[in-house]
Every structure is written in structure tokens, then in C-alpha cells.
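Structural overview
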Amino acid sequence: MGGAAVAADGSRKAQVITDAAVHPVKEGTTAKVEISVATTGSGPLDEPVTVDYTTEGDGGTATSGEDYRPVEGSVTFPAGTASGASRTVEVVTARGGGAEPAETVPLHLTVSGAKAPAETSRVVIDAHGLPYLDPELPVRRRVKDLLSRMSLEEKAGQMTQAERNALTAPGDIADYNLGSLLSGGGSAPTPNTPAAWARMVDAFQLRAQATRFQIPLVYGVDAVHGHNNVVGTTIMPHNIGLGATRDPRLAEKTGAVTASEVRATGVPWDFAPCVCVSRDERWGRAYESFGEDPALVTAMETVIKGMQGAPSGKDLDRRDKVLTTAKHFVGDGGTEYGSSTTGGYPIDQGVTKVTREELEMVHLAPFREAVDRGVGTVMPSFSSLDILGDGRAPLKTHADGAMINGVLKDRMGFEGFVISDWQAIDQIPGDYPSDVRTSVNAGVDMIMVPTAYKNFHTTLVDEVKAGRISRARIDDAVSRILTAKFRLGLFEKPYVNNGDNADTSNLDRIGSAEHRAVAREAVAKSQVLLKNAGGVLPLKPSQKVYVAGSNADDLGNQTGGWTITWQGSSGRHTEGTTILQGMRKAAADSAITYSKDASAPTDGYDAGVVVVGETPYAEGAGDVGNGHDLRLSDADQAAVDRVCGAMECAVLIVSGRPQLIGDRLGDIDALVASWLPGTEGDGVADVLYGKRAFTGQLPVTWPKSEAQLPINVGDAAYDPQYPYGWGLTTSARAPGEAKAAREAGRADAREGRAIVTAARLLVQDRVGQKITPAVAKPFAEADHLLVGGDVVGALRKLTAAYRAAE
């Protein structure tokens, strides 16, 4: 791409700019390019600035005199001209008689008296008359037509995804025909506002209009619990908290809110949900899972409908829906502790060792559900898979054609496209060309490079030309990608803010009261009451309450990792309500004292609330053994001891996974697993003060010690602190009502679940805190059966647990 000429004075205070680097227009209309002057400090020009312009020269694909009327001239901004003054140059395009791809007309500028623009503006005469541009045609036909016109280099571009910050120049989007950009965790515009995100994505989309076929980008983000990279959005509980709600309908609502806020910023693709089954709490990604039970994970995949709509993909062109991603295929939640070779990670990105039966029942089951729900894309895992007894060495899943091509695409019938994880193909053994051909031949359709997009593009083309990747494989990959783009409506509406197809109607809904109400409900239903001796909870608004602990008034800690930045951070980094703030609103007329370290005097209080737990982390950086453990910090332990030694107390654990609390359990009156609730601390206050009843249940087993790990429902030996499915309630409904419910005879599914719930509460009431292995094992298995729809089996298991408590 040619630059503009300039007089050799790099220190000039004035600069000439154009309103855009790309000006798309319909054939036969006039492009208007605005040329402006700007000065340092916004003062008037000290000396005149002259701009000579011409459309004649190298760099265009349109034919002068045939496709457009050539333009040449000069504009002068006299000394004293105000900064921001502009002149308009018009380029008239000709109306032709046939269908054509897009053509470009460069507007070359030669500037004296100021700095020139960094690049040459281009007028783009839009592609027109070609079948793929006709929205009335079936998507399959549009894809076939477009694919037939594309060069190998253009197809390779569609398979390339770069990180926005890695672009050497914005023009590379067109020069390399890039198919996708992403924002990695924390990769955001300045300022980090929803409107700035929309402007940024639109600017990238504009660049794609300078390509022959004007194939729009599909921009992707990791919006794993709300649009979590963006300040001011609604941050949902992390998935582990949603799993605790046991409410698929609510999960769907949270997905719908997330999709609405993501799409409002111009982003049509979300790298979510994670449908991993977390089998070891030492994993730094445990909170990204809905739980340890594949039945629970599968049940909560209603979130896909909320985000994407109908399984057919017919809703994807709505401005409140996004393309979804089921990740990470397959078995990332089952990696063996100590098997990772990535940096200091002990478990993340390690090796999952399973029998084929365990692979099918535990780790593949959620992906079958995701495919049935029409998930748009699937992301392989960084980890390796070792199927016991098959005679093969562990294999990186990005290289595993038997799983991607054989199981996912062929057996499950997945019709979307497969997107690699961040630089994941680099972990495949061998040199870079080998990494490229191995992953693509295994079935990966788009590669998240994310920085080496030029090298990847060149290498992919070379591998195809050498015959090591077939052209049929490339066509399959690109067809899948184009299908998603057509379904998303990106060809018709590529922008949020610009052009005739502008749609900014949802921007004002980001972080709205309506959206935050959904998150607040999810927070309240995610709270799991593990212990409530003496009925300490719910609190009464009239009580004098002493609040302490590191996580009581820290929005960053309660939102966790993947919030504003990849790893997250402590402190206030977005808009929201801390747990302490929520409590003060819920009991506005009562005396609430806050002392983070519990150093304030503790005399004269009716109850204490100590909010403790983890600080933020993400992925392998949060692995236990990589600077983390499952114990409370010394400061948190001291706060618990001081408050609970002085008054009746409730301890809330804000964390992405269970914490080892058994040595202090006897001194704690009430214990709550609060998980990572997100921005709506009011939801925690709702259950603390009885506005809502505690109804959450453990989505994972709560261990007694780290030595027990991994420990999961269904294990032969099972002796946890609290079993999977445990969760007390503060509802007025008495556990004894289970007897009447059981006498009701046959019941529909909803009634059956109500009967099991009543029976579960009855068992918990009988057991108290005396949870023995004989109680825990059938109790946990009952909830597994219930989530899977086996009401009768669940009741039998609860009956066994009840008898074991006698």
C-alpha cells in the first residue's frame, strides 16, 4: 500500500488527515473524501498547507475513465486556518452493465507545510450483481458461489485469525484477506467503553471492505461471564456459580443478556460457553466449568440457546445474538495433576488419561449436547488426550484428527467451524509448517495465530501448493466459515455505527437495570448454604452486624479472573456493587460496621459476616502449586477466628473453587459458598437478609483435604466435607413436606423434581453436619441421577442416605 508524499520536515506541528482510509460506495455514486488539517494544541495554522491530490497512479484495481472519472487538483489551507478545517474531494464512479467484484481507486496526496496522512485513502466501488451478494438466495448457494470465485490466498486469509494489537498495519486486514480478528483477555480500545468498542470493530470491518469480495470479518472475544472485557457491562457469576443454581432457564437468560451486550458493541462471536467437566479443584480453570458432573454441564447448556437462538442458526442475524463456541474439545477438565509441560502449570494444558468409556460418558457428552443445540463453533483444548488401552501416545487435541474429524464432525455431525485456541498449534511437535498442516488436516478450520498471521498465511498457502494439504480440505474449512458469516448477517449489516445499516439500539442496554436484575437473580440462586447452625441466616435488617474479610468490599475479587483483564485484578475496575454495599442497601437503617482485618472492636454486635476467599487468576496461572493453594490467607483466617470467636458468625467464601475450611468449621455458625458472583453483590445480600431463600447446591464436591483430590461424584471411595449436591435452604417450606409429596403418587417431571428436592432437604435436616461416607456417596449420586432426569433412582439413593444417617 503506497504512502503519501510529504515535505521533509518531521517536526511540523500541523498534520493532514482524511476522514477514513477506506471509502466504500455503490457503483455509479460519488465518493466524498474529507481532507482536514489538525494542529498540536488545536491552534490555528502558523503557515499555509497545500495538498495536491490525484486518483492517477499505482495501487488501484479500478480502470480510470471506465470505472471512475479521474480527479486531480489542489487545496490550500491558508495560515490562520482553524485546526479541524476540512475540504472535500469527490470521486465520481461510473455505472457499468454487469456483475463485478469490488474495485479500488487510490487518492494520492502530496502535502507541503504539514505532515501527510500515514497511508493513502482508497475509494472502493462495491462488489455488485454477484449471486453471493443476494440475501434472498439460500446460504448454501451463496457460499458455493463465493467460494468458486476465491483464490487460494483469499481462502487462506479466511482461515487466519489475528489479535487486534498484533496488526502491523490496519491495511493488513485487506492485504492478507483476514477472516477474523479477536481481542484477547484485556485487549481493549481506549477508552474502554461500549461505544469505543463499537467504533473499533466498525473501523476494522471497514478495512475488510477494501478486498475483492468484501468478505466481512467475524470478530471474537472471550465473554465468558458477561461481556467481561468491557468496563460498565453486566458481569455474571462465573459458570461454577451458574452450575450451583441448578436452573437451566436462568442460564439461558444469562446467555441472552451476555449476547445482547456483546453484539451491541459490534462483536458477533463469543468464545463461550466452556462445556468442560472439571474433575480436579486444583485446576486454575475450574470456575469456567458448570461442575464436575457431565449431567449438570449438559443441563446448563441452555446458555447456548440464550446466546445463539435456535439450533438452526436462523436467529444469528439478530442484533442481540452471537455465534457461540463450545470449548475445550475434549477433556480439558480431566487433566492429570503434574502432567502439564507449560511453564509453571502443574495441571492446565496437561494430559487427560481416560478409558474410552470415561471419555464418552464424562467429557464427550457435553459436546454432543452442544452440537444438538446448534453451537456455531468448537475450540479444541491445549491439553493432550491419552485413551488408555488404545496403544497410542498422548496426542495434542489440535493434532487429533480422529477426534476432530472423526468424532466431532463425522459422528456427531457438527456443521460449524473449528477454531484453534491461542497459539495452540505451536505446541504440536515439529516445525511450523508441520504444525500448520497437522492441525488443518486434523480438522481445525480457523487458526488463532494470533501474532504470526503473515507467517501462517504464507505457510498455509505453501503447504497447499506442495500438496501436503488438499484443496478440498481448504474448501471445506472456508465453506464452514463463510456459512457462519452469512448466517450472522454480516454481509448485509457489517457495522454497528456506520452506514445505512447502522444499529445502535442495544448500546444503551449494556449494564442496564434490566440486565443487572438477571445477574442479581443468578447471584442469589448461586449461593450455597453449607451450614446454618442455630438459624444464624437469614439476618434481620434490625440486627447490628460486624462485617470483615478481604472479599467483603472488593469488586475485583468477587468478579474474579477474565474480568477487564485476562487475569482479573483486586480493587474496583468496573461498575458494580460489592457484597458490603449490597448489605448496606438491604439493611439501610441498621448499624453495619466494616473492618477488613477485623481489627475494630467486636463488642456489642448481634452477628458477624466474614467474607473471605481467593484473589483473581485465570487458566494455568491459577493452578494449585503455581503460587496458589486451597487454603485461606493468613489474614482471612485471622479475621474468621477473631469474629467467630466473639459472636455468632456467617462465613462467606468468594472463590472459584472450594476452600479447605474443615479445621475452622466447628467455630463457624453459618458457611456459604458464594463462588465468584460478578458485579451484582446485591444478589448475595438478597439471601443474607432473606429477600430470597438460599436454594443453591454444590456443583462440585467440597473436599476435606487436598490429599483427597481429585474427588468426584460416583467415586468408589467418597468421603468429602460436603457432597456434590449439598445445599441447605432458608425457605419456609418444611422438609417434612416430602412425606406428603411422596404420597402423591405419579408426578410429572417438575413435580418429580419437587419431590426429590423435598426428600433431599429431609435428608440434610436429619444428617446435620455429620456427613459420613455412607451418607455422602448415595446423596451425591442422587443429585447426579436427578439432573439426568431419573427421579425414581434419585429417591432410592436419598432413601439410602437417609437410612445411613440413622
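Residues numbered from 1 in each chain as written. Predicted model: local features only at pLDDT ≥ 70, side-chain atom pairs only at ≥ 80, totals over all residues. Heavy atoms only, no water.

**Description of the overall build of the protein**
For clarity, the threshold we go by: Only DSSP runs of H or I with at least four residues qualify as helices, and only runs of E with at least two residues qualify as strands; both kinds are numbered from the N terminus onward. Here a residue-residue contact requires only that any non-hydrogen atoms of the pair lie within 4.5 Å. Note on areas: Shrake-Rupley with a 1.4 Å probe; residue coverage comes only from the protein chains shown. His is not counted, nor are the chain ends, whereas Lys and Arg count as positive and Asp and Glu as negative. The atoms used to mark charge sites are NZ of Lys, CZ of Arg, CG of Asp and CD of Glu.
Within the protein one finds 22 helices and 26 strands. Structurally, the protein occupies a C-alpha span of about 95 × 65 × 50 Å along its principal axes. Put simply, 76% of the contacts in the protein that link residues at least 6 apart link residues at least 24 apart. On the protein, roughly 28,800 Å² of surface is accessible, and the fraction owed to carbon and sulfur atoms is 48%. Taking the 81 positively charged and 101 negatively charged side chains of the protein as two groups, their mean positions are separated by 4 Å.

**What to know about the packing of helix H11 (residues 432–442) against helix H12 (residues 453–465)**
Test applied: Under this scheme, a helix contributes an axis fitted over its contacting stretch, all axes are lines through C-alpha atoms, and angles between N-to-C directions fall in the 0 to 180 degree range. For classification, angles of less than 35 degrees are called roughly parallel, those exceeding 145 degrees roughly antiparallel, those between 65 and 115 degrees roughly perpendicular, and all remaining angles oblique. Charged residues are taken to be Asp, Glu, Lys and Arg, nonpolar residues to be Ala, Val, Leu, Ile, Met, Phe, Trp, Tyr, Cys and Pro, and polar residues to be all remaining types, Gly included.
Relative orientation of the contacting elements H11 and H12 amounts to 70°, with a least axis distance of 10 Å. The pairing of H11 with H12 is recorded here as roughly perpendicular in orientation. In this structure, H11 contributes Tyr432, Pro433, Val436, Arg437 and Val440 to the contact, and H12 contributes Asn455, Phe456, Thr459, Leu460 and Glu463. The residue inventory of the contact of H11 with H12, partitioned by class, reads six nonpolar, two polar and two charged.

**Side note on the sheet that holds strand S18 (residues 395–396)**
Strand pairing in a sheet relies on backbone hydrogen bonds. The paired strands run either parallel or antiparallel. What counts, and what does not: One bridge is not enough; two strands pair if DSSP finds at least two bridges between them.
Overall, mixed pairing links the three strands, which are arranged S15-S17-S18 in an open sheet. Each having just a single partner strand, strand S15 (351–354) and S18 make up the two edges of the open sheet. Examined bridge by bridge, S15 and strand S17 (residues 384–387) share four bridges and lie parallel to one another. Paired with valine 351 across the strands is serine 384, a residue of S17. In this fold helix H9 (residues 356–372) packs onto S15 and S17, with an angle of close to 110° to the strand it touches most, S15.

**Brief notes about helix H13 (residues 471–487)**
The line we're drawing: Take the number of residues in a helix, subtract one, and multiply by 1.5 Å to get its expected span. Partly exposed residues are those whose accessible area sits between 20% and 50% of the maximum for their type, while under 20% is buried and over 50% is exposed, using a 1.4 Å probe and protein chains only.
For H13, built from 17 residues, the straight-helix expectation of 24 Å at 1.5 Å per residue is met to within 8% by its first-to-last C-alpha distance of 24 Å. Within H13 the residues assigned to the buried category are Arg473, Ile474, Ala477, Val478, Arg480, Ile481, Leu482, Thr483, Ala484, Lys485 and Phe486. Trailing H13 by a residue or two, glycine 489 shows a phi angle of about 75°, which is positive.

**Here we look at helix H4 (residues 194–208)**
For H4, with 15 residues, the first-to-last C-alpha span of 22 Å sits near the 21 Å given by 1.5 Å per residue. With respect to burial, H4 is a largely interior element, 12 of its 15 residues being buried. Those residues of H4 lying buried are Pro194, Ala196, Trp197, Ala198, Met200, Val201, Asp202, Phe204, Gln205, Leu206, Arg207 and Ala208. Contact partners of the buried residues in H4: strand S3 (22–25), helix H3 (172–175), strand S11 (180–183), strand S12 (218–221) and helix H6 (248–264).

**Focus on the pattern of salt bridges**
Basically, it comes down to this: Each reported salt bridge corresponds to a side-chain nitrogen of Lys or Arg within 4 Å of a carboxyl oxygen of Asp or Glu.
Evaluation of the coordinates by the stated rule reveals 42 salt bridges. With its nearest N and O atoms 3.2 Å apart, the salt bridge here joins glutamate 360 to arginine 368. For glutamate 360, a relative accessible area of 18% translates into the label buried. With relative accessibility at 29%, the residue arginine 368 sits in the partly exposed group. A salt bridge links arginine 520 to aspartate 682; its shortest N-O distance comes to 3.9 Å. One end of the pair, arginine 520, is in helix H14 (residues 513–526); the other, aspartate 682, is in helix H18 (residues 682–688), with 162 residues separating them in the sequence. Linked by salt bridges that have partners in common, Asp247, Arg249, Lys253, Glu521 and Lys525 make up one network.

**A closer look at the state of the cysteines**
What counts, and what does not: A pair of cysteine sulfur atoms is labelled a disulfide when the two atoms are within 2.5 Å.
Scanning the model with the defined rule gives one disulfide in all. Here cysteine 644 pairs with cysteine 649 through a disulfide, and the sulfurs are 2.0 Å apart. Between cysteine 644 and cysteine 649, the S-S torsion sits near 100°, and that sign places the bridge as right-handed. A relative accessible area of 11% means that cysteine 644 is categorised as buried.

**Concerning the pairing of strand S14 (residues 325–329)**
In terms of burial, S14 is a largely internal element, five of the five residues being buried. Where S14 meets strand S16 (residues 377–380), four bridges bridge the pair, whose relative direction is parallel. Looking across to S16, one finds that threonine 325 is bridged to threonine 377.

**As for the sheet that holds S16**
Here three strands make up an open sheet; going across it, the order is S14-S16-S19 and the pairing parallel. Among the strands making up the open sheet, the edge pair consists of S14 and strand S19 (417–418).

**Regarding the packing of aromatic side chains**
Filter applied, for reference: Only centres within 6.5 Å qualify two rings of Phe, Tyr or Trp (six-membered ring in Trp) as a pair; their planes then separate them into stacked at under 30 degrees, edge-to-face at over 60, and tilted for everything else.
Scanning the model with the defined rule gives 13 aromatic pairs in all. When the ring of tyrosine 546 is compared with that of tyrosine 605, the centres are 5.1 Å apart and the planes differ by 80°; the resulting orientation is edge-to-face. Taken as a pair, tyrosine 546 in strand S22 (residues 545–548) and tyrosine 605 in the loop between strand S23 (592–595) and strand S24 (607–613) lie far apart in primary sequence, 59 residues in all. Tyrosine 605 matches tyrosine 546 in its accessibility class, with the two residues each being buried. By the ring-pair criterion, three or more aromatic residues cluster together here, those being Tyr132, Phe213, Phe486 and Phe491.

**Observations concerning the side chain of lysine 485**
One can find lysine 485 in helix H13. Of the side chains bearing the opposite charge, glutamate 154 lies closest to the buried lysine 485, which forms no salt bridge; the N-O distance is 12 Å. Those residues in contact with lysine 485, other than ones at most four positions away along the chain, are Gln158, Gly179, Ile215, Pro216, Leu217, Val218, Leu490 and Phe491.

**As for the environment of isoleucine 17**
Structurally, isoleucine 17 can be placed in strand S2 (residues 14–18). As for isoleucine 17 and alanine 118, which are separated by 101 residues in sequence, their C-alpha atoms are 8.3 Å apart. Setting aside chain neighbours within four positions, we find isoleucine 17 in contact with Glu34, Ile35, Ser36 and Pro117.

**Comments concerning the nonpolar core**
Just so we agree on the cut-off: Residue types Ala, Val, Leu, Ile, Met, Phe, Trp, Tyr and Cys, when buried and joined through side-chain atoms within 4.5 Å, form a set referred to as a nonpolar core.
Core analysis: the largest hydrophobic core is formed by 206 residues, its most contacted members being Leu460, Met583 and Val651. Apart from the residues lying within four places of it in its own chain, the contact partners of methionine 583 are Leu539, Val545, Val547, Ile592, Val609, Ala685, Leu688 and Tyr689. Grouped together as the second largest cluster of nonpolar side chains are 27 residues, Val37, Tyr53, Phe77 and Leu109 included.

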